[in-house]
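# Architecture and fold: a report
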Amino acid sequence: MKSLSRLKLTTLLLFLCGVAAWQAVPVLAQMIDRTQNPNVGNFGIAKSLPQQIGAGRGDALTPESSAFIIARDPFRGIRRGRQIFQRKFLRTQGVGPLAGDGVGDINTNLALGAGLSDSCSTCHGRPHGSGGVGGDVVTRPDSRDAPHLFGLGLKEMLADEITTELRQIRAQAVAQAQQRNRRVTKHLMSKEINYGNITARPDGSVDTSQVSGVDPDLRVKPFFHHGGTISIREFIVGAFNDEMGMQAVDPELMSAHNGARITTPARMILDGAQDQIKAPPTDNPAEDSDNDGVANELPASIIDFMEFYLLNYFKPATYQQTSFTKRGRETFQQIGCAQCHVPDLLINRDRRVADVETAYDPDNGIFNNLFATATPLFNQNDDRSGFPVLKSPKLNPFLVRNIFTDFKRHDLGPNFHERNYDGTMHTQFLTTPLWGVGSTAPYGHDGRSINLAEVILRHGGEAQAARDAFAALSPRQQARVIEFLNSLIIFPPDSTASNLDPGNRMTPNFPQFGQGSIRLTGLFNDPRDPE
């Protein structure tokens, strides 16, 4: 029955995307560009950088533009973003130099401490071919490993919805204070997470001294360990500039920085009147802002594809669940860990076009005992333009399971404090989502804890009681908690069988070929045109 249901879902996906069938082919390596590095095996990214740029941003009526592809061929848009993420960029395409060529005041410009990369996968590349963990990133004197990017879009949506709900409560408090001509205090609660209290005065001002875990403006920033960035788009533009020395040309992001309200192709609303939106390096395609002789290094379409890819990027997986891991999860909750590491959170309006659920399945997971099931989350609309139908997200609620975070900053005591270049100490950090934690040692914001037991026992401050409760467990009870945490994993998408490509153990040279994958090519409007 399990195999039959997966077959039906695969057929449904193909029908929805206008694809009758596809032929399983080997998954290709994604680091080199085979138009630049031809090889006998024909491995590598199929399209050149100019082909990936296409017709620029355009619109839903401009073929080969990012807006057109995201609106009408979204799985191609996701795959193109993934190929850009894996691409090894060249100096002739604008890689380097770093900000200020590495010279300047690092107290005010942390980008000066970054290393130079030629690919996003340099810092986010483990497991193989994934948007995973990786290279050392200098953000403060205590540098760290780059975190994985699995489930990044889910994090952006949850944080944005929490922000909206907190600000609605603030607006209600202000309106009531003005109406009643007295101070009104309201509890800041969103998705059953407590962010403290806010008090509004009759003159419209607010007292935020009792707000907890978030900035006084109530904007939840889900990216970076200290919670420093609002959106995937800002994250991408900043990383390209700081870690790769490549400047994005993004007029819309610049307009948001200057106070405008924009909606990105991934449907993220950025409102410069309410939030401080980080400016892109330039909005002028003729400007060579780093003086390396290359202008228009990253047109907006490249950022569009990357943003759409990371919005839809797969969430982490769960490995084998046993009675031992079940008891470990129960103990995890009983000792208070789940007060901050909240297991499940509901998105009210999911902007993705598909979900991929990946779990332990030794029968169908023919290479790594994992099997991924893709489920479509889009509607189709024929706009009678003569082009392929529009495929837009359903925008339905979605329960995000096993994320284990509260999107709040906490002080976990001096064992987690980090030094800043100006001599001060950074004391508060976002609750790290625990999905994927079984695959991402070493631990801590600074990577100084070598295993899960060590990082748990390192907790203090606001987590002291939960830490002490773990320390008081018997060795067997502690082992259950650790085993449960180790079952929360990330995975290599190109080596994980799925209902899009179940693989075949009888394929010659298995598992270099035929291992199965989460193969989006079969969902393109034209699967014969690879990315």
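Residues numbered from 1 in each chain as written. Predicted model: local features only at pLDDT ≥ 70, side-chain atom pairs only at ≥ 80, totals over all residues. Heavy atoms only, no water.

Take helix H5 (residues 152-180) next. The first and last C-alpha atoms of H5 sit 42 Å apart over 29 residues, in line with the 42 Å expected at 1.5 Å per residue. Phi turns positive one or two residues past the end of H5, at Asn-181, with a value near 60°. (Helix = DSSP H or I, 4+ residues; strand = E, 2+ residues; numbered from the N terminus. Expected span 1.5 Å × (residues − 1).)

Further remarks concern the packing of aromatic side chains. The way to describe two aromatic rings as a pair is by their centre distance and the angle between their planes. One pass over the full model with this rule turns up 15 aromatic pairs. A cation over a ring is seen here: Arg-458 above Phe-416, with NZ or CZ 4.4 Å from the ring centre. (Phe/Tyr/Trp six-rings, centres within 6.5 Å; stacked < 30°, edge-to-face > 60°. Lys NZ or Arg CZ within 6 Å of the ring centre and 35° of its normal.)

With that out of the way, let us pick up the environment of Gln-478. Residue position: Gln-478 is located in helix H12 (residues 475-486). Separated by 146 residues in sequence, Gln-478 and Phe-332 have C-alpha atoms that sit 9.2 Å apart.

As a further point, take unusual backbone geometry. Across the junction of Gly-96 and Pro-97, the peptide omega takes the value -5°, indicating a cis bond. Note that Pro-97 resides in the loop between helix H4 (74-86) and strand S1 (136-137). Across the junction of Arg-126 and Pro-127, the peptide omega takes the value -5°, indicating a cis bond. The phi dihedral of Phe-224 is positive, around 75°, even though this residue is not glycine. Within the secondary structure, Phe-224 sits in the loop between strand S5 (206-207) and helix H6 (232-244). On the basis of relative accessibility, which here comes to 35%, the residue Phe-224 falls in the partly exposed class. Although it is not a glycine, Asn-296 sits at a positive phi angle of roughly 50°. Following the sequence through the fold, Asn-296 ends up in the loop between strand S7 (269-271) and helix H8 (300-311). (Buried < 20%, exposed > 50% of the residue type's maximum accessible area, 1.4 Å probe, protein only.)

Taken as a whole and assessed by the stated rule, the structure comprises 31 salt bridges. Its salt-bridge partner being Lys-191, residue Glu-165 comes within 3.9 Å of it at the nearest N-O pair. One end of the pair, Glu-165, is in helix H5; the other, Lys-191, is in the loop between strand S3 (184-190) and strand S4 (193-200), with 26 residues separating them in the sequence. Two residues, Arg-352 and Asp-355, come together in a salt bridge whose shortest N-O distance is 2.8 Å. Using a relative accessible area of 2% as the deciding quantity, one classes Arg-352 as buried. (Salt bridge = Lys/Arg side-chain N within 4 Å of Asp/Glu carboxyl O.)

Turning to the sheet that holds S5, a few remarks are in order. Spatial ordering of the open sheet is given by S3-S4-S5, a layout of three strands whose pairing is antiparallel. Whereas interior strands pair on both sides, the edge strands pair on one side only; in this sheet they are S3 and S5. The pairing of S3 with S4 spans six bridges and is antiparallel. Pairing of Thr-185 across the sheet is with Thr-199, part of S4. The sheet contacts of H5 involve S3, S4 and S5, and relative to S3 the element is tilted by about 165°. (Pairing = 2+ DSSP bridges. Contact = heavy atoms within 4.5 Å. Axes fitted to C-alpha atoms, helices over the stretch in contact; angles between N-to-C directions.)

Within the largest apolar cluster, 82 residues are counted, with the highest numbers of intra-cluster contacts made by Phe-75, Phe-89, Phe-240 and Phe-407. What Phe-407 contacts, discounting residues up to four positions off in sequence, is Lys-155, Leu-158, Ala-159, Ile-162, Tyr-195, Gly-213, Val-220, Pro-222, Leu-345 and Leu-430. (Core = buried A, V, L, I, M, F, W, Y, C linked by side-chain atoms within 4.5 Å.)

So, about the side chain of Thr-199. Within the element layout of this structure, Thr-199 appears in strand S4. Overall, Thr-199 belongs to the buried group, its relative accessible area being 10%. There is a polar contact of 2.7 Å between the side chain of Thr-199 and the side chain of Thr-185. Once residues within four sequence positions are removed from consideration, Thr-199 is found in contact with Arg-183, Val-184, Thr-185, Ser-205, Val-206 and Asp-207. (Polar contact = N/O pair within 3.5 Å; in protein donor to acceptor, adjacent residues only side chain to side chain.)

Right, let's get into empty space enclosed by the protein. Once rolled over the atoms, a probe with the size of a water molecule shows which space is left empty. Tallying each qualifying case throughout the model produces four cavities of 30 Å³ or more. Its boundaries defined by the atoms lining it, the largest cavity holds a volume of some 220 Å³. If you go around the largest cavity, you meet 19 residues; those closest to its centre are Ile-78, Asn-312, Phe-314, Ile-518 and Leu-520. Counting only elements with at least two residues in the lining of the largest cavity, the list comes to H4 and strand S10 (354-360). For the lining of the largest cavity, the residue count by class is 12 nonpolar, two polar and five charged. Approximately 80 Å³ is the volume attributed to the second largest cavity. The set of elements that each furnish at least two residues to the lining of the second largest cavity consists of strand S8 (317-318), S10 and strand S19 (488-489). Class assignment for the residues of the lining of the second largest cavity results in five nonpolar, four polar and three charged. (1 Å grid on protein atoms, 1.4 Å probe; cavity = no way out; pocket = protein on both sides within 12 Å on 5 of 7 lines; lining within 4 Å. Points joined across faces, edges and corners; volume = space filled by probe spheres on them. Nonpolar A, V, L, I, M, F, W, Y, C, P; charged D, E, K, R; others polar.)

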